[in-house]
Amino acid sequence: MLRLRTAVLCAFSFLSLTVGADVKTQNCSQVRDAYIAKGFTVTNVPYQEISGEHLRICSQEKTCCSAEMEDGFSQQSKTDFENMLDGISDDLRATFVSRHRRFDEFFLELLDNTERSLNEMFVRTYGKPYMQNVEVFQNLFAELKRYYKGGNVNLEEMLNDFWTRLLERMFKLLNSQYLITEEYLECINKYMDQLKPFGDVPKKLKSQVTRAFIAARTFVQGLTVGREVANRVSKVSMSPACQRALTKMFYCPYCQGVMSAKPCRNYCLNVMKGCLANQADLDPEWNYYIDAMLQVTERLEGPFNIESVMEPIDVKISEAIMNMQDNSVEITHRVFQGCGQPKASGMGRSARGISDVFNARFKPYSPEEHPTTAAGTSLDRLRIVWRTMQQSVVDVKERLLKAKKFWSSLPEGICQEDNVTASEASSEDCWNGHSRGRYVPEVLKDGLTHQANNPEVGVDITRPDTFIRQHIMTLRMMANKLKNAYNGNDIYFQDSSDEGSGSGSGSGCLEPCDAETEESEPVLTEAPEVQADRGVDRSSSSSQTHSSPALLLLLSLSALALHNHWR
């Protein structure tokens, strides 16, 4: 009886050992299958537990992993992490890429259509005089495009130059019976601010165009910066310490045969906060940049947005021309006072013929009529596009708001429950880096300085990532530029001279001067040599200036009609 009992006990003990060996073998077989499923080869994959003293990352106790397997897991953890970051930042990158393309295409289309509209309308309305001076307007739009595309253009100076060139051409048309030389035109230009030949239109248009274009260009540049930062910073340069921590978190469970155990959420958060410590430091400047972008979107929606400024620019220029025509007699008289009366050209108005200047009288628009010209069609199309763009502004504002705190929220985004990490209900049975069980350490705060005692990732807080610091500086500079754009300032030209301090000074006064001024700087000392005919009777010259060419009268009527129509 004792012998039988002894035999049963021995048999049970052997069976227990056999079953235990089978369990161990089965665990490593499952690891083997999982390893193959990951795309690795089965070379050097043990069938049962072996000593883990050869491992550098995972536990060196009994293990189902060889050194080659651990190396494979290390490389795979790097790939997995890069793919996670790529996936979570894909929407952010796509937002900046698509919105940059959309806004850039619209602004360029707006400029092209506005130029085409103005050209078609002015050709139809002003005819030959416009065609003979069309390069003045072509240069205006060429410089606006060059500025928008990032060219080194001072908008204020460029617009001042446009009105100066227009004044020169208009003055020649007004006074075709005189020989107007380049020197004489230079004299006229010195009195531009005092003459104000185009009324308040240049001043108002300069303010509107400058604000609108600064906002539009800076906004698109801001989208470019956001796109570049998102593209580059999402491509993480992984430290060796981070790679070891990721391997331990994602693949060391395989070595212990617990492949189904997901990382504890707090464990995952600490690993990610250590790996992404430098990216988190990008957040303050990133948020400041996003706020600045949101401010500039207000300029794209406001009353001086680029579309509302550019669409009626032809009407505004016509108003300016009409203003000069209305005041042509006084303007010419004051110019003759300041610069002298130029020589006669030898070809009077009658010799040239009115038909050479203006070849037709055009029917004014009725306010009820809708233009059927290409100009009207292009403007209608622009309005449709702009309505779409206004919706895009709303859309981009929503997306920008969602992009705030993006970099510091990456750990939360990656360590999502039931996807990467265990659920809260499984917090007692998750992988804590050593075994199944609760993760005890507290979750650290974001940023490099808070990772000094990270329990999972060794982080040298004294060596910030220079690549990230460069992008922090880029965002800081762009945010500063956006803030300036919101206030209507182009930071590249903040040192330009104040309005009114330039061309209006130097050669004397058109208005009566005090005695001291007249003594120190006589009115006509800088008049050009073409003033040889100053002896002509003033009353005679005055009567000539009252007789304006028919061109400008018709121009004013056309401009007035256009003004009424477009309003």
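Refer to the structure presented above.
Residues numbered from 1 in each chain as written. Predicted model: local features only at pLDDT ≥ 70, side-chain atom pairs only at ≥ 80, totals over all residues. Heavy atoms only, no water.

*Asks:* Before we go on, may I ask you to explain the overall build of the protein chain in this structure?
*Replies:* Of regular secondary structure, the protein chain possesses 24 helices and zero strands. Carbon and sulfur atoms form 51% of the exposed surface of the protein chain, whose accessible area is close to 27900 Å². (Helix = DSSP H or I, 4+ residues; strand = E, 2+ residues; numbered from the N terminus. Areas by Shrake-Rupley, 256 points an atom, 1.4 Å probe, with all protein chains shown as cover.)

*Asks:* I'm lost on the pattern of salt bridges in this one. Help?
*Replies:* It is possible for side chains bearing opposite charge to pair when their charged atoms get close. If you walk through the whole model with that rule in mind, you get 26 salt bridges. Among the ionic pairs, Arg56 bridges to Asp71, the shortest N-O distance being 2.7 Å. Residue Arg56 is located in the loop between helix H1 (2-37) and helix H2 (67-126), and its partner Asp71 is located in helix H2; the two are separated by 15 residues in the primary sequence. Owing to a relative accessible area of 65%, Arg56 belongs among the exposed residues under this scheme. A salt bridge links Glu412 to Arg265; the nearest nitrogen and oxygen atoms lie 2.4 Å apart. Separated by 147 residues along the polypeptide, Glu412 in helix H20 (residues 410-414) and Arg265 in helix H11 (residues 265-275) bring together distant segments of the chain. Glu412 gets classed as partly exposed once you look at its relative accessible area, which sits at 41%. One continuous salt-bridge network, built from bridges that share partners, spans Asp86, Asp90, Arg93 and Lys235. (Salt bridge = Lys/Arg side-chain N within 4 Å of Asp/Glu carboxyl O. Buried < 20%, exposed > 50% of the residue type's maximum accessible area, 1.4 Å probe, protein only.)

*Asks:* Explain the packing of aromatic side chains here, please?
*Replies:* Working definition: an aromatic ring pair is given by the centre-to-centre distance plus the angle between the planes. What the rule picks out here adds up to 23 aromatic pairs. Ring centres of Tyr35 and Phe40 lie 4.4 Å apart, and the angle between their planes is 15°; on these two criteria the pair is classed as stacked. Comparing Tyr35 with Phe40 shows no difference in burial state: the two are buried. An aromatic cluster of at least three residues, connected via ring pairs, comprises Phe122, Tyr130, Phe137, Phe162, Trp163 and Phe198. The ring of Tyr147 is capped by Arg217, whose NZ or CZ atom sits 3.7 Å from the centre of that ring. Above the face of the Tyr486 ring, Arg299 is positioned so that its terminal group lies 4.2 Å from the ring centre. (Phe/Tyr/Trp six-rings, centres within 6.5 Å; stacked < 30°, edge-to-face > 60°. Lys NZ or Arg CZ within 6 Å of the ring centre and 35° of its normal.)

*Asks:* Can you walk me through the nonpolar core in this structure?
*Replies:* A general trend in soluble globular proteins is that nonpolar side chains are found buried together. Residues Phe81, Trp286 and Ile317 are the most contacted members of the largest nonpolar core, which totals 140 residues. With sequence-adjacent residues up to four places away left out, Ile317 is seen in contact with Leu118, Phe122, Phe137, Leu140, Phe162, Trp163 and Leu166. (Core = buried A, V, L, I, M, F, W, Y, C linked by side-chain atoms within 4.5 Å. Contact = heavy atoms within 4.5 Å.)

*Asks:* Sorry if this is basic, but what is going on with the state of the cysteines here?
*Replies:* Two cysteines, two sulfur atoms, one covalent bond between them: this is a disulfide. Following the criterion strictly, the structure yields seven disulfides and no others. Note on cysteine connectivity: Cys187 is disulfide-linked to Cys339, with sulfurs 2.0 Å apart. Taking the sign of the torsion about the S-S bond as the criterion, the disulfide between Cys187 and Cys339, at about -95°, is left-handed. Here Cys187 is found in helix H6 (residues 182-190), whereas its partner Cys339 is found in helix H16 (residues 328-339), with 152 residues between them in sequence. (Disulfide = S-S within 2.5 Å.)

*Asks:* Please explain empty space enclosed by the protein as it appears in this structure.
*Replies:* A probe as big as a water molecule, rolled over the atoms, marks out the empty space that is left. Under the defined criterion, the tally for this structure stands at four cavities of 30 Å³ or more. In this structure, the largest cavity encloses a volume near 130 Å³. Looking at the lining of the largest cavity, the elements that each hand over two or more residues are H2, helix H3 (128-132) and helix H5 (155-174). It is H5 that provides the largest number of residues to the lining of the largest cavity, a total of four residues. (1 Å grid on protein atoms, 1.4 Å probe; cavity = no way out; pocket = protein on both sides within 12 Å on 5 of 7 lines; lining within 4 Å. Points joined across faces, edges and corners; volume = space filled by probe spheres on them.)

By themselves, these observations are geometric and do not establish any function.
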